[in-house]
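Structural characterization, general
Spelled out, the chains give:
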Amino acid sequence: MIADWLYGSIVALRNRLFDREILRARRLQWPVISVGNISVGGAGKTPFVLMLGELLRESGVLIDVLSRGYGRATSGVLQVHPDGSPEEFGDEPLLIARKLRCPVIVGEDRHLAGLQAEERCALTSANRVHLLDDGFQHRQLHRDFDIVLISREDLDDKVLPSGRLREPMTALDRADVVVVDKDFPPERVPNGNFQVWRTERTLDIPELSVPVVAFCGIARPHRFFSGLRNRGIDVRQEIAFRDHHRYSENDVQKLAACRDQHRGSRLVTTEKDAINLGRQLAVLDAIVVPMGMSLMDAHAAMDHILHSIAELRASG
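**Things to note about the packing of aromatic side chains**
What characterises a pair of aromatic rings is the spacing of the ring centres plus the angle enclosed by the ring planes. All chains considered together, the criterion is met by 3 aromatic pairs. Measuring from centroid to centroid gives 5.8 Å for phenylalanine 215 and tyrosine 247, while their planes differ by 80°, and the two rings are edge-to-face. Placement of phenylalanine 215 in strand 9 (residues 212–216) and of tyrosine 247 in the loop between strand 10 (235–240) and helix 8 (249–261) is noted, with a sequence separation of 32 residues between them. By relative accessible area, tyrosine 247 is classed as buried at 7%. Between the aromatic rings of phenylalanine 241 and tyrosine 247, the centroid separation amounts to 5.0 Å while the plane-to-plane angle is 75°, which identifies the pairing as edge-to-face. Judged on exposure class, the residue phenylalanine 241 and its partner tyrosine 247 are both buried. A network of ring pairs unites the aromatic residues Phe215, Phe241 and Tyr247 as a single cluster. Lying across the ring of phenylalanine 136, arginine 174 places its NZ or CZ 4.1 Å from the centre.

Okay, structure coming up:
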């Protein structure tokens, strides 16, 4: 399609301008670790950022998170308050702030967000890093380490607008690490000058002896629904909303009606949806299931990140 070709040409031109330093990325004082993907949502960036943040802190590294704050009604650079709203900060930055309990700064200009994070910290920059959330395409900010998550769906997809890819698979040449699920077929893992890490997605599901009505507004809802079924949960109905969906009173009434249609059932949803439901979560009495992630050989992965950053910073 002409639209696909035009979009791909613009992306390729922009990348060439950055590769040749005609367009220059701005640097921050502290190292930047970017976590991103090449598709529009659904790769598991937020669970990975949460997991990576915990692993870095266990390694003695202090962190903050820089995010665009997708879907927020505000503008400019703001520090996320954990008791704030998704309208103010965006649902995923708010979830990260509540889970990691670290500074999370949202801003269209991630360099300015990073400067603000550094100005607010009077301590030394040693053992401190910025985590750049959804940063693979944000080339305006220099990063010291690029982590890219891909899914099996990405391999056979097309670039926007026909498909979901922000960039073609060749963009992985910029990555330091490519992350795939543990069940990703080995023969289909892309080749390149990067390490390949494998992860396992987890659902922290409480013991349930009743059927459930599952609902969510995430990029790939089938993963949530199938995860529940794979754990033996009796899912009577699946209700999928658009990613980052903000729930209205009408939505809440419809969800309650669906639950009542299945006598004795409970509503089940994700942490991200709980953020977007706000106070309405209590009205529905919905069970919130965290969607987590674990990293295979996490110790070696942390060693690789920290060693790579130390080498880059030592060389200037």
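**What about the environment of valine 129?**
Checked against the element boundaries, valine 129 lands in strand 5 (residues 128–133). A relative accessible area of 5% places valine 129 in the buried class. Each C-alpha atom of the pair valine 129 and tryptophan 30 lies 5.5 Å from the other, and the pair is 99 residues apart in sequence. Among all residues touching valine 129, those that are not within four sequence positions of it are Pro31, Ile33, Leu56, Val61, Leu62, Ile63 and Asp64.

**Description of the environment of glycine 163**
By the secondary structure assignment, glycine 163 is in the loop between helix 6 (152–155) and strand 7 (177–181). For the pair glycine 163 and aspartate 4, spaced 159 residues apart in the sequence, the C-alpha separation amounts to 8.6 Å. Among all residues touching glycine 163, those that are not within four sequence positions of it are Asp157 and Lys158.

**Comments concerning the sheet that holds strand 11 (residues 266–270)**
Taken in spatial order, the 4 strands of this open sheet run 10-9-11-12, and their pairing is parallel. The two strands at the open ends of the sheet, each matched to only one other strand, are strand 10 and strand 12 (287–289). For this sheet, the mean angle separating the axes of adjacent strands, direction not counted, is 25°. Strand direction decides the pairing type here: strand 9 and strand 11, joined by 3 bridges, are parallel. Bridging from a neighbouring strand, valine 213 pairs with leucine 267 of strand 11. Its contacts with the sheet place helix 7 (residues 221–230) against strand 9, strand 10, strand 11 and strand 12, and it is angled at close to 155° to strand 9. Across the sheet, helix 8 lies against strand 9, strand 10 and strand 11, angled at about 165° from strand 10, the strand it touches most.

**Focus on the sheet that holds strand 5**
With mixed pairing, the 9 strands of this open sheet are ordered in space as 3-4-2-5-1-6-7-8-13. The open sheet is flanked by strand 3 (78–79) and strand 13 (291–295), the only strands paired with a single partner. Relative to strand 6 (residues 145–149), strand 1 (residues 32–37) runs parallel, the two sharing 5 bridges. For glycine 36, the partnering residue across the bridge sits in strand 6 and is valine 148.

**Quick notes on helix 7**
All of the buried residues along helix 7 are Pro221, Arg223, Phe224, Phe225, Gly227 and Leu228. Backbone geometry just after helix 7 places glycine 232 at a positive phi near 85°.

**Some thoughts on helix 1 (residues 2–19)**
Here helix 1 contains 18 residues, and its C-alpha end-to-end distance of 25 Å stays within 8% of the 26 Å for a straight helix at 1.5 Å per residue. Of the residues making up helix 1, those classed as buried are Asp4, Val11, Asn15 and Phe18. Looking down the long axis of helix 1, one finds its buried residues gathered within 65° of arc, a one-sided arrangement. Exposed residues pointing more than 90 degrees away from the buried face of helix 1 are listed as Ile2, Trp5 and Ile10. Just downstream of helix 1, glutamate 21 is the residue with a positive phi angle, here 60°.

**Digging into the nonpolar core**
In terms of nonpolar packing, the biggest core is built from 39 residues, with Ile33, Phe48, Leu52, Leu56, Ile147, Trp197 and Ile305 touching the most fellow members. The leading source of residues in this core is helix 2 (residues 45–58), at 7 residues. With residues near it in sequence (within four places) discarded, isoleucine 147 still touches Ile33, Ser34, Val35, Gly36, Phe48, Leu52, Val177, Val179, Trp197 and Ile305.

Rules and cut-offs
Along each chain, the written sequence defines residue order, and numbers are assigned to residues from 1. Totals for whole chains, interfaces and linings use all residues, but because this is a predicted model, local features are given only for residues with pLDDT of at least 70 and pairs of side-chain atoms are given and counted only at 80 or more. Only hydrogens and water are set aside when side-chain values are computed; all heavy atoms of the structure are taken into account. Note on aromatic pairs: the rings of Phe, Tyr and Trp (six-membered ring only in Trp) are paired at centre separations within 6.5 Å, and the planes decide the class, stacked below 30 degrees, edge-to-face beyond 60, tilted for the rest. Segments assigned H or I by DSSP are reported as helices when at least four residues long, segments assigned E as strands when at least two residues long, and all are numbered from the N terminus. Each residue's exposure class comes from its accessible area (1.4 Å probe, protein chains only) as a fraction of the maximum for that residue type: buried when under 20%, exposed when over 50%, partly exposed otherwise. Whether a charge sits over a ring depends on NZ of Lys or CZ of Arg being within 6 Å of the ring centre and within 35 degrees of the ring normal. The contact rule is simple, with two residues in contact once any of their heavy atoms fall within 4.5 Å. Strand pairing follows a simple DSSP-based rule, namely that at least 2 bridges must link the two strands. In this analysis an axis means a line fitted to C-alpha atoms, helices contributing only their contacting stretch, and an angle means the value between N-to-C directions, from 0 to 180 degrees. Given the number of residues in a helix, its expected span is that number minus one, multiplied by 1.5 Å. The directions considered for the arc are those from the helix axis to the C-beta atoms. Put simply, a nonpolar core is a bunch of buried Ala, Val, Leu, Ile, Met, Phe, Trp, Tyr and Cys residues held in one set by side-chain atoms that sit within 4.5 Å of each other.

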